[in-house]
Amino acid sequence: INASSRERLLDLVLKWRLSAPTVLAECLGLFVEAVPRETSESLVSSVLQALAQLCKGSESTAPPPWQVSYAIFKSFERILTSVSPMLLTSMMDASDSDPGASLQY
């Protein structure tokens, strides 16, 4: 699957935020895990931002149930074991120097 197809698939999956947040969280982690270790920064950034939004929930709802939180943290674990440490470090460095950078949510 090429990069543009992954982006389209990600856009479709992100629509599950309200209807199936646990499934969304699981899919986001698998999304990064299933691609090569040299995953693009934009994909990792998009997935991290989506997971952060799931963590925060919406202003009008209670905190997510434990199943959603568990799926979110499992996805974070998948990302940390799948993505190159150099990529994560460069993303963190970019977010420190630019408030609108990739790891900000």
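Cut-offs and rules
- Residues numbered from 1 in each chain as written.
- Predicted model: local features only at pLDDT ≥ 70, side-chain atom pairs only at ≥ 80, totals over all residues.
- Heavy atoms only, no water.
- Helix = DSSP H or I, 4+ residues; strand = E, 2+ residues; numbered from the N terminus.
- Expected span 1.5 Å × (residues − 1).
- Buried < 20%, exposed > 50% of the residue type's maximum accessible area, 1.4 Å probe, protein only.
- Arc of directions from axis to C-beta.
- Contact = heavy atoms within 4.5 Å.
- Axes fitted to C-alpha atoms, helices over the stretch in contact; angles between N-to-C directions.
- Parallel < 35°, antiparallel > 145°, perpendicular 65-115°, else oblique.
- Left-handed = near helix turned anticlockwise from the far one by under 90°.
- Nonpolar A, V, L, I, M, F, W, Y, C, P; charged D, E, K, R; others polar.

J.: Can you tell me about helix H2 (residues 21–33), naming the residues and giving the values?
T.: For H2, spanning 13 residues, the distance from its first C-alpha to its last is 19 Å, which sits close to the expected 18 Å at 1.5 Å a residue. For H2, the full list of buried residues reads Leu24, Ala25, Leu28, Gly29, Phe31 and Val32. Along the axis of H2, the buried positions cluster into a sector of 155 degrees, meaning they face one direction only. Elements that come into contact with the buried residues of H2 comprise helix H1 (3–13), helix H3 (41–56) and helix H4 (66–82).

J.: Account for the packing of H1 against H2, with residues named and values stated.
T.: Contact geometry for H1 and H2: axes closest at 11 Å, N-to-C directions at 165 degrees. The orientation of H1 with respect to H2, classified from their angle, is roughly antiparallel. Between H1 and H2 lies a crossing of left-handed hand. Along the contact surface, H1 presents Arg6, Leu9, Leu10 and Val13, while H2 presents Leu24, Cys27, Leu28 and Phe31. Residues that form the contact of H1 with H2 fall into these classes: 7 nonpolar, no polar and 1 charged.

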